[in-house]
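# Per-entry structural report
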Amino acid sequence: MIELNSGAPAGPIEDRWSRHRFNMKLVNPANRRKHTVIVVGSGLAGGAAAATLGEQGYRVLCFCYQDSPRRAHSIAAQGGINAAKNYQNDGDSVFRLFYDTVKGGDFRARESNVYRLAEVSTNIIDQCVAQGVPFAREYGGLLANRSFGGAQVSRTFYARGQTGQQLLLGAYQSLSKQIEAGTVTMFPRTEMLDLILVDGVARGIVTRDMVTGKVQAYTADVVVLCSGGYGNVFFLSTNAKGCNTTATWRAHRRGALFANPCYTQIHPTCIPVAGDYQSKLTLMSESLRNDGRVWVPKDASACTKNPKDIPESERDYYLERIYPSFGNLVPRDIASRRAKDVCDQGRGVGPAVGGVRRGVYLDFADAVKRLGKKAVEERYGNLFEMYERITGEDPYSTPMRIYPASHYTMGGLWVDYNLMSNVTGLFVGGEANFSDHGANRLGASALMQGLSDGYFVLPATVGHYIGSNSLPAVSTDHPEVKAAVEAVEARVSKLLSIGGKRTPDSFHRELGQIVWDNCGMSRTADGLKDAIAKIPALREEFWSNLCVPGSGSELNQTLEKAGRVADFFELAELMCRDALAREESCGGHFREEHQTPEGEARRDDEHYTHVAAWEWKGEGNEPELHKEALTFEYVKPTQRSYK
């Protein structure tokens, strides 16, 4: 039986991280050069961790499947990064950011981890400014802030609508410095396909060179996974097409527990689906809800009218009406469900897709009138330009049309306070772990967590692990290393040899529709049971009718997709099982059987105040559920209200 121990320190919460960090073992600079750390992923979490560990003197091997670390999906983040600097003097503090994050996650996150995130947030901004990240500034030169959903203060730092790009470039230049110094070796176009365990301890990975097809093992003292989330399980999502779950899922199959897989976030501000030909969706930053007003016609008969012809008296600004305290800045899960509700009522706008209009207006007419077009352009100009290029509509004069889409995943591999999984020696950072956001991530907190983990937490905890353990070298000739390589080669050969007629994308699209329909914005017991019945049948067809042309000894993107889709099949079933087992609604997990008369999420704190961590029990066997109890000393669970 696996015992889940978070390892979170006791004592006053504001002192926990500083005392814990002081009590950690250190590795002296001369000895650091003797140790090797593998980092999988080069986004904000991975790039920051690799750069910082390299700066400390460790030998770092950093792997990414993109052609450059600059292509990591972190670059796509638009709106900003939270930090409790209180530059606006509007009542913010580390404790308020902690409070907002725990409440926003619907009281399903570990308090100690969340407080550390809020505490470290202030250091992140200083670090990034020192790197030259061009944050927006007020007229007097101070860093500017704006508001995001789930908060009543302005704490979000931003660089127009390109914040992720600018932060990633900051991390990339730090990483490049270490590559030049020789402490970091970069392996682009290289995909992790398995985790190597030696005597139950993570000691390396098996990779495939995506250009030559060579399968190879790399060993180290520590493995750090920062490979992102699994939002592409839905096929249509705001994620880059390459985003996948393979690194974390391969680790899960090797024993790492997968925590809260049903906690997936639907972002309310995306360009609506336009037709069956689409392969992904486009995010419009949540920052737009600062100045844009969300509405639909009060009467369904007006949905086909030009929005400029619909008078104010016939418009329903439904978020402002239902949630007067927060208005358009309610958290993402609430804004998403309300958009679905009004469209289900027949009041959606835009072209009908599948017989239903799935869109609501995000209107900037008031902002342009109040601030002037130039000011709006300074804040959101690149986002408006992107929207116009995709839709052919000018958002300065015509309201944007938006609708929720799959975006971020709060679930991930289970980790303790040190960000180590239950597999000794396997650390997990950023979106790949489950630790900080509970059942719903507040906007602008993904970048915060990635950089917190990469710059400040992992460098301390990885060093403590190395300093606390004897780690004899592991050769690539070790039997367990060879066995892992042979297993990867066999899996690649199996995918290539099926010889069927369907493409990986066709299976992925069908799987994504099943998961979206039954484990998307709302879930029911019947729908989840239906999905759990359908997914294995489709997976069986995948393994008998998949077509992967070409060979494994060359660039073969169809082969890459096939391996990732195979893992999505297994993850999708686990997501549905987790959602079925959690008989409550909380955050992004909305079970229709468990809601208040007003249609809000109804938690069951008596039975479900825990982390659900699932253990892989082998193919054909049901996974085993383990629970980590959550306790709340500082933010007592209450019915979440933004009214």
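### A few points about the side chain of aspartate 453
Relative to the helices and strands, aspartate 453 resides in helix α12 (residues 446-468). The buried charged residue aspartate 453 lacks any salt bridge, with arginine 116 as its nearest oppositely charged partner at 5.5 Å. Side-chain polar atoms of aspartate 453 contact the backbone nitrogen of glycine 430, separated by 2.8 Å. With residues near it in sequence (within four places) discarded, aspartate 453 still touches Leu419, Gly429, Gly430, Asn433, Asp436, Leu458 and Pro459.

### Points about the sheet that holds strand β13 (residues 315-316)
Across the sheet, which stays open at both edges, the five strands sit in the order β11-β17-β16-β12-β13 with antiparallel pairing between neighbours. Every other strand in the sheet has two partners, leaving β11 (264-270) and β13 as the edge strands with one partner each. Summarising the sheet, strand β16 (residues 360-363) and strand β17 (residues 400-409) pair through three bridges and their orientation is antiparallel. Within β17, the residue paired with tyrosine 361 across the bridge is arginine 401.

### Focus: the pattern of salt bridges
All told, the structure shown has 50 salt bridges when counted by the stated rule. A salt bridge links aspartate 92 to arginine 155; its shortest N-O distance comes to 2.8 Å. With aspartate 92 in the loop between β3 (81-82) and α4 (94-104) and arginine 155 in the loop between α5 (111-131) and β4 (156-157), this pair connects stretches of sequence that are 63 residues apart. Given a relative accessible area of 2%, arginine 155 falls into the buried group.

### Remarks on the side chain of aspartate 436
Mapped onto the elements of the fold, aspartate 436 is located in the loop between β19 (426-428) and α12. Side-chain polar atoms of aspartate 436 contact the side chain of serine 435, separated by 2.8 Å. Filtering out sequence-adjacent residues up to four positions away, aspartate 436 remains in contact with Thr101, Ala109, Asn113, Val114, Leu117, Gln449 and Asp453.

### Focus on the sheet that holds strand β7 (residues 201-209)
If you trace the three strands from one edge of the open sheet to the other, you get β6-β7-β8, paired in antiparallel fashion. Taken across any chain shown, the strands that pair with only one partner, and hence form the sheet edges, are β6 (190-198) and β8 (215-219). Taken over all neighbouring pairs, the strand axes of this sheet differ in orientation by 30° on average, direction set aside. Here five bridges tie β7 to β8, and the two strands are oriented antiparallel to one another.

### Here's the deal with helix α1 (residues 16-23)
When we look at burial in α1, the residues that qualify are Arg16, Trp17 and His20. Relative to the axis of α1, the buried residues are bounded by an arc of 90° and lie together on one face.

### Some points on the pairing of strand β12 (residues 293-297)
On a regular strand, each side chain points to the face opposite its neighbour's, so the side chains alternate between the two faces of the sheet. Among the five residues in β12, four count as buried, and that is most of the element. Across three bridges, β12 lies against β16 in antiparallel orientation. For arginine 293, the partnering residue across the bridge sits in β16 and is aspartate 363. Sheet analysis places β12 next to β13, joined by two bridges and oriented antiparallel. If you follow proline 297 over to β13, its bridge partner there is arginine 315.

Calculation criteria
- Residues numbered from 1 in each chain as written.
- Predicted model: local features only at pLDDT ≥ 70, side-chain atom pairs only at ≥ 80, totals over all residues.
- Heavy atoms only, no water.
- Helix = DSSP H or I, 4+ residues; strand = E, 2+ residues; numbered from the N terminus.
- Buried < 20%, exposed > 50% of the residue type's maximum accessible area, 1.4 Å probe, protein only.
- Lys, Arg positive; Asp, Glu negative; His and termini not counted.
- Salt bridge = Lys/Arg side-chain N within 4 Å of Asp/Glu carboxyl O.
- Polar contact = N/O pair within 3.5 Å; in protein donor to acceptor, adjacent residues only side chain to side chain.
- Contact = heavy atoms within 4.5 Å.
- Pairing = 2+ DSSP bridges.
- Axes fitted to C-alpha atoms, helices over the stretch in contact; angles between N-to-C directions.
- Arc of directions from axis to C-beta.

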